[in-house]
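A closer look at the structure
Below are the chains, spelled out letter by letter.
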Amino acid sequence: MSTELGTFLRSRRERIAPSDAGLPGTGRRRTPGLRREELALLAGISATWLTYLEQGRDVRPSGQVLDALARALRLSRAEHEHLRRLAGGAGPVDQDTAEEPTPEVAGVPALLGDNPAYVTGICYDVLAANDAAAELFPGVAPGGNVVRWMLTEPAAREVLVDWEQEARNIVARLRAIAGRHPGHPRVARLVADLTEASPEVRAWWPQYDIQFSHAGHKRLRHPRLGPITVAHAAFHVAEHPEQTLVVYHLPISAQPRPA
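Fair warning: this is a prediction, and the values are worked out from it, not measured in the lab.

What about the overall build of the chain?
- Along its length, the chain carries 13 helices and five strands.
- Counting every position in the chain, which comprises 259 residues, the buried fraction comes to 48%.
- As displayed, the chain has an accessible area near 13,300 Å², and 52% of this comes from carbon and sulfur atoms.
- Here the chain holds 30 positive side-chain charges and 30 negative ones, and the gap between their average locations is 9 Å.

Section: empty space enclosed by the protein
- Applying the stated criterion to the full structure yields one cavity of 30 Å³ or more.
- Reported here for the largest cavity is a volume of approximately 50 Å³.
- A total of four residues in the lining of the largest cavity trace back to one element, the largest contributor, which is helix 11 (residues 163-180).

A look at the nonpolar core
- Membership of the largest hydrophobic core comes to 37 residues, with the highest contact counts inside it found for Tyr 118, Phe 137, Trp 149, Leu 151, Trp 163 and Leu 220.
- It is helix 11 that contributes the most residues to this core, seven residues altogether.
- Leaving out residues up to four positions away in the same chain, Leu 220 has contacts with Leu 136, Phe 137, Val 159, Leu 160, Val 161, Gly 226, Pro 227, Ile 228 and Val 230.
- Within the second largest apolar cluster, 30 residues are counted, among which are Ile 16, Ala 40, Leu 53 and Leu 86.

Re the packing of aromatic side chains
- Scanning all chains against the criterion turns up six aromatic pairs.
- Between Phe 8 and Tyr 208, the aromatic rings sit 4.9 Å apart at their centres with planes inclined by 50°, giving tilted as the arrangement. Here Tyr 208 lies in the loop between helix 13 (199-204) and strand 3 (216-222) and Phe 8 lies in helix 1 (residues 3-13), a separation of 200 residues in the sequence. With respect to burial, Phe 8 and Tyr 208 carry one shared label: buried.
- Ring geometry for Phe 137 and Tyr 248: centres 5.1 Å apart, planes at 55°, overall tilted. Of this pair, Phe 137 sits in the loop between helix 8 (131-136) and helix 9 (146-152) while Tyr 248 sits in strand 5 (residues 244-249), and the two are 111 residues apart along the sequence. For the residue pair Phe 137 and Tyr 248, the accessibility class agrees, reading buried in each case.
- Put simply, the rings of Tyr 118, Phe 137, Trp 149 and Tyr 248 touch in pairs and so form one group of aromatic residues.
- Sitting over the face of the ring of Phe 212, Arg 85 holds its NZ or CZ atom 4.8 Å from the ring centroid.

Brief notes about helix 12 (residues 185-197)
- When the terminal C-alpha atoms of helix 12 are compared, their 18 Å separation across 13 residues agrees well with the 18 Å that a helix rising 1.5 Å per residue should span.
- Buried positions along helix 12 lie against helix 9, helix 11 and helix 13.

Digging into the pattern of salt bridges
- Counted under the stated rule, the structure contains 17 salt bridges.
- Glu 54 is the partner of Arg 13 in a salt bridge, and the nearest nitrogen-oxygen pair spans 2.9 Å. Residue Arg 13 is located in helix 1, and its partner Glu 54 is located in helix 3 (residues 47-55); the two are separated by 41 residues in the primary sequence. Here Arg 13 matches Glu 54 in class, with each residue buried.
- For the salt bridge of Asp 67 with Arg 84, the shortest nitrogen-to-oxygen distance reads 3.0 Å. Here the residue Asp 67 occupies a position in helix 4 (residues 63-73), and Arg 84 occupies one in helix 5 (residues 77-87), the gap between them amounting to 17 residues.
- Looking at Asp 67, the relative accessible area reads 22%, which means it is partly exposed.
- Under the relative-accessibility criterion, Arg 84 is labelled partly exposed at 38%.
- Put simply, Arg 12, Arg 15 and Glu 79 are held in one network by salt bridges that share partners.

Things to note about the environment of Gly 139
- Note that Gly 139 resides in the loop between helix 8 and helix 9.
- Taking the C-alpha atoms as reference points, Gly 139 and Glu 153, separated by 14 residues in sequence, lie 8.5 Å from one another.
- Residues in contact with Gly 139, not counting those within four places in the same chain, are Gly 144 and Trp 149.

Structural notes on the sheet that holds strand 1 (residues 117-120)
- Taken together, the five strands give an open sheet; going across it, the order is 2-1-5-4-3, and neighbouring strands pair in antiparallel fashion. The open sheet has two free edges, formed respectively by strand 2 (126-129) and strand 3, since each of these has just one partner strand. Here the strands of the sheet are splayed against their neighbours by 30° on average, with no regard to which way each runs.
- Across seven bridges, strand 3 lies against strand 4 (residues 226-236) in antiparallel orientation.

Calculation criteria
- Residues numbered from 1 in each chain as written.
- Predicted model: local features only at pLDDT ≥ 70, side-chain atom pairs only at ≥ 80, totals over all residues.
- Heavy atoms only, no water.
- Helix = DSSP H or I, 4+ residues; strand = E, 2+ residues; numbered from the N terminus.
- Buried < 20%, exposed > 50% of the residue type's maximum accessible area, 1.4 Å probe, protein only.
- Areas by Shrake-Rupley, 256 points an atom, 1.4 Å probe, with all protein chains shown as cover.
- Lys, Arg positive; Asp, Glu negative; His and termini not counted.
- Charge placed at Lys NZ, Arg CZ, Asp CG, Glu CD.
- 1 Å grid on protein atoms, 1.4 Å probe; cavity = no way out; pocket = protein on both sides within 12 Å on 5 of 7 lines; lining within 4 Å.
- Points joined across faces, edges and corners; volume = space filled by probe spheres on them.
- Core = buried A, V, L, I, M, F, W, Y, C linked by side-chain atoms within 4.5 Å.
- Contact = heavy atoms within 4.5 Å.
- Phe/Tyr/Trp six-rings, centres within 6.5 Å; stacked < 30°, edge-to-face > 60°.
- Lys NZ or Arg CZ within 6 Å of the ring centre and 35° of its normal.
- Expected span 1.5 Å × (residues − 1).
- Salt bridge = Lys/Arg side-chain N within 4 Å of Asp/Glu carboxyl O.
- Pairing = 2+ DSSP bridges.
- Axes fitted to C-alpha atoms, helices over the stretch in contact; angles between N-to-C directions.

Put into structure tokens, the structure is as follows:
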């Protein structure tokens, strides 16, 4: 069983006050949040079993146990899914070489014309991108990395109107990836580099927020069009689910008209 599961359970346990869980106060506490015994009581499992889970011992909790823990910890949908994935014992990925998209996948961004689009790999390395993406996100091009760009490049703070929230979101998504692939060498190196380079990552990483890719809207400053709000969506490649196509749909009024 991965020690990542224990880290996650403890982080969620420590954020819930006993009063929020309907438990009586017991005076001053040495640690924040729920005690292990209190969480076990709320989830209807033994404290010994919970101890084994948090210590990363080789035990396999049932789906019912995981669901009970999720309810007791008041996990979000993304956190609940992350808990199940961690408990499934996903093994480390040994491959330490750069990813290569298939020609068919690499060619998709160009098909989207004036709508910015790019393909990323497991570590948010940019595997393919179109000219519209390069224009909107300077530095997000093959050979670059979306997370590094967002957290270390000053240009990102200019392009992303809501930079802090967007940066928090991508750190939460990277946290989920690190949990799904414990021991992955490139993921570990990226996290270490970002922790050293970014004070925000140093502050946010221990909070253990989890998020998965989703559709939505972003407020951006386009170099030609000025401030715009764009819809975006992410699509996972069927044969390589850690490769993701991200598409931004520019407003119709912002797109060039045919001659």
